[in-house]
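Here is how the chains run, residue by residue.
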Amino acid sequence: MGLISDAGKALALVRRALRARAATRDVRSRLARRAPAPTAHFRVAVYFADGEVNMYQLRQWYRPLQHLARTWPVVVLSRSATGAQALLADDALPVAFVPTVRDLEDYVASQDIRVVLYVNQNTRNFQMFRYGRRWHVFINHGESDKMYMTTNQFKAYDYALVAGDAARERLSRVLWDYDIDQRTIEIGRPQADYYAGDLPYTPDERTVVLYAPTWEGDRPSAHYGSIRTHGEALAQSILASPAHRLIYRPHPRSGVVDAEYGAANERIIAAIAAANAVDPTAQHVYDARPELGWQLAAADVAVVDISAMVYDRLAADKPLMVTRPVDPEALIDTHGYLSQAEWLTADGAPRIVDEAARLLSDPESVSALDGWVRRYFGDTSPGAATARFEGAIRVLMERWEYWHLASTGADDESADAAEAAELDDE
């Protein structure tokens, strides 16, 4: 049995290597057909070492980064061939494919990159940290109360752009000897300024419910995914109601660890197709598109797992419910919004239609939600977060200029001293 298992793993590794090789050839071919970027052009880089499977972390930043690029040119430094493939297909931002350290070194030397942004904690980020005389800034791929949001890895970056007061309080509770005031800058949720897009259905009188579960997690403490415990009953209830429309947006990694979790996901997708076949006017939606925004703005009620989606929806300032994990080992931060969230238990999932009606008609819930929105994101008026994000980058550019001039002055003084010493020797 062990030999069969080892052979299977070896075959998987070979297939993965072949896919990576083919992807590398494809990326290099595509880039060769494009005009090369001018030297010393880009001021901001987004470092992305992940493959296609984690592209959701970067895609949500496309619109804010495109707007930022009007002032400071932005390039994505892609270390993975499949990630670079996806980036080139999206064609949202300029891409530099730098799979090796030498590639990365040569490209950095050819540009004038002053701020490097990071959307996740990939261990290969460390390979970029070696470059000094530029700011390394963690911008994350979402706001949440997960333990990920208080990792000690924050200390590896020069700065972190955080959403608001809740993020600063969270870091203060957990990190020792971390200067919150100096190393964090509040920007809100810039993505919320772009919560828009074409609806895949025609709006009508139906109440729209967004169900956006996360993946199953790779350890008990992160077992937040609800597809197996809540999802099927929730979906069946909404699909059976002539007064409701379901938007189902599962995490792209659903089922990568637990095959049964993935099977439950497929059953929900099939149920949506079946319901639409019976009643085409229902226009239920299975949403696997990369764009995130219109779902959060269009849904009357959102049901999400403990994930960044909680806070993406908060930024929209609209009603939401959070699924309560069934696994008792799943960690829940009770200091923030989750201490007073509108919870949906597994037992309550079949009654989601009634729960949604209650939430929509409860003024106290609406008032409480407004308070949490201000605590997590500050001013959520249109354009406010984008202005704060770009203001933060402007401050970092000004600090870069200050330190650059200071270090250049020091170098000039050293050169003058050395020249004077040589003249004295003569």
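Residues numbered from 1 in each chain as written. Predicted model: local features only at pLDDT ≥ 70, side-chain atom pairs only at ≥ 80, totals over all residues. Heavy atoms only, no water.

1. What about the overall build of the protein chain?
Note the threshold: By the criteria applied, helices consist of DSSP H or I runs no shorter than four residues and strands consist of E runs no shorter than two, each listed in order from the N terminus. Radius of gyration here uses only the C-alpha atoms, and the compact-globule reference equals 2.2 Å multiplied by the residue count raised to the power 0.38. When a residue's accessible area, from a 1.4 Å probe over protein chains only, is under 20% of the maximum for its type it is buried; when over 50% it is exposed; and in between it is partly exposed. Should any heavy atoms of two residues lie within 4.5 Å, those residues are counted as being in contact. For the accessible areas, the method is Shrake-Rupley and the probe is 1.4 Å, while residue cover comes only from the protein chains on display. Charge assignment in this entry is limited to Lys and Arg as positive and Asp and Glu as negative, and neither His nor the chain termini are counted. Note that the charge is assigned to NZ on lysines, CZ on arginines, CG on aspartates and CD on glutamates.
Looking only at helices and strands, the protein chain features 15 helices and 13 strands. Relative to a compact globule of 426 residues, whose C-alpha radius of gyration would be 22 Å, the protein chain shows 24 Å and is just as compact. In terms of its C-alpha atoms, the protein chain occupies a principal-axis envelope of roughly 95 × 55 × 45 Å. When the 426 residues of the protein chain are sorted by exposure, 48% land in the buried category. Put simply, 69% of the contacts in the protein chain that link residues at least 6 apart link residues at least 24 apart. On the protein chain, roughly 20300 Å² of surface is accessible, and the fraction owed to carbon and sulfur atoms is 53%. Here the protein chain contributes 46 positively and 59 negatively charged side chains, and the mean placements of these two sets differ by 6 Å.

2. Remarks on the sheet that holds strand β10 (residues 285–286)
Each strand in a sheet pairs with its neighbour through backbone hydrogen bonds, running either in the same direction (parallel) or in the opposite one (antiparallel). To keep things clear, this is the line we draw: In this scheme, strands are said to pair when DSSP sees at least two bridges between them. Working convention: axes come from line fits to C-alpha atoms, limited for helices to the stretch in contact. Angles between N-to-C directions cover 0 to 180 degrees.
Strands sit in the order β10-β9-β8-β11-β12-β13 across an open sheet of six strands; the sheet is parallel. Of all strands in the sheet, those with a lone pairing partner are β10 and β13 (343–344), marking the two edges. Two elements, strand β11 (residues 301–304) and strand β12 (residues 320–323), share three bridges in a ladder whose sense is parallel. Considered in β12, the bridge of V303 is made with M321. Against the sheet, helix α9 (residues 227–239) touches β8 (207–212), β9 (244–248), β11, β12 and β13, its axis set at about 145° to β9. The strands touched by helix α13 (residues 352–360) are β8, β9, β11, β12 and β13; relative to β12, the strand with the most contacts, the crossing angle is about 135°.

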